[in-house]
Amino acid sequence: MDVLVRDYGVRKVVSDEVVGIYRSILKESRQFFDPNVRQFINVYARMRFEQWRRLDHDGKKLRKLHTARKYLSLLRRANAGIRKPILKVL
């Protein structure tokens, strides 16, 4: 694995990191103002994380992890009351 990290910049995705992001998304969804949106975010996040659960390629895992981080950032900004992220979530 060290050769991959050195040559290609690919690192192993740790499952604790993935679980942490998933839990953070669920936590942020609990703070959302509309109960229907909260439920949608929970179902959508669960569906997406289950869909990519058995992904084997580390490069693809990193891309999916990056997408999850962007979505989490979007949720945090929406909960802060910024209008544009709210519209993207909805």
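The rules behind each value
Residues numbered from 1 in each chain as written. Predicted model: local features only at pLDDT ≥ 70, side-chain atom pairs only at ≥ 80, totals over all residues. Heavy atoms only, no water. Helix = DSSP H or I, 4+ residues; strand = E, 2+ residues; numbered from the N terminus. Buried < 20%, exposed > 50% of the residue type's maximum accessible area, 1.4 Å probe, protein only. Contact = heavy atoms within 4.5 Å. Core = buried A, V, L, I, M, F, W, Y, C linked by side-chain atoms within 4.5 Å. Salt bridge = Lys/Arg side-chain N within 4 Å of Asp/Glu carboxyl O. Patch = residues over 30% accessible without salt bridge, like charges linked within 9 Å, V, L, I, M, F, W, Y side chains within 5 Å. Areas by Shrake-Rupley, 256 points an atom, 1.4 Å probe, with all protein chains shown as cover. Axes fitted to C-alpha atoms, helices over the stretch in contact; angles between N-to-C directions. Parallel < 35°, antiparallel > 145°, perpendicular 65-115°, else oblique. Nonpolar A, V, L, I, M, F, W, Y, C, P; charged D, E, K, R; others polar.

A separate point is the overall build of the protein chain. Secondary structure assignment for the protein chain yields 5 helices and 0 strands. If you list the helices and strands of the protein chain from N to C, you get α-α-α-α-α. The proportion of buried residues among the 90 residues of the protein chain is 24%. Of the contacts formed within the protein chain by residues at least 6 apart in sequence, a portion of 62% connects residues at least 24 apart.

In globular proteins that are soluble, nonpolar side chains generally tend to be buried together. Grouped together as the largest cluster of nonpolar side chains are 12 residues: Ile21, Ile25, Phe32, Val37, Ile41, Ala45, Leu65, Ala68, Leu72, Leu75, Ala78 and Ile86. Here this core takes 5 residues from helix H4 (residues 58–79), the largest share from any one element. Apart from the residues lying within four places of it in its own chain, the contact partners of Ile86 are Phe33, Ala78 and Gly81.

This paragraph deals with the pattern of salt bridges. Under the criterion given, the structure shown has 3 salt bridges. One salt bridge connects Glu17 with Arg69, and the closest N-O pair in it is separated by 2.3 Å. Pair noted here: Glu17 is in helix H2 (residues 15–30) and Arg69 is in helix H4, with a separation of 52 residues, a long-range link. Judged by relative accessible area, Glu17 falls into the partly exposed class, the value being 25%. For Glu50, the salt bridge identified is with Arg53, shortest N-O distance 3.4 Å. By relative accessible area, which is 52% here, Arg53 ends up exposed.

Time to look at a nonpolar patch on the surface. A cluster of nonpolar side chains, namely Phe40, Tyr44 and Met47, defines an oily patch on the protein surface of about 300 Å² accessible area. Following the sequence through the fold, Tyr44 ends up in helix H3 (residues 35–51).

Between H3 and H4, whose axes approach to 12 Å, the crossing angle comes to 170 degrees. It follows from the interaxial angle that H3 and H4 lie roughly antiparallel. On H4, the residues that touch Ile41, Tyr44, Arg48 and Phe49 of H3 are Lys64, Ala68, Tyr71 and Leu75. Of the residues contributing to the contact of H3 with H4, the split by class is 6 nonpolar, no polar and 2 charged.

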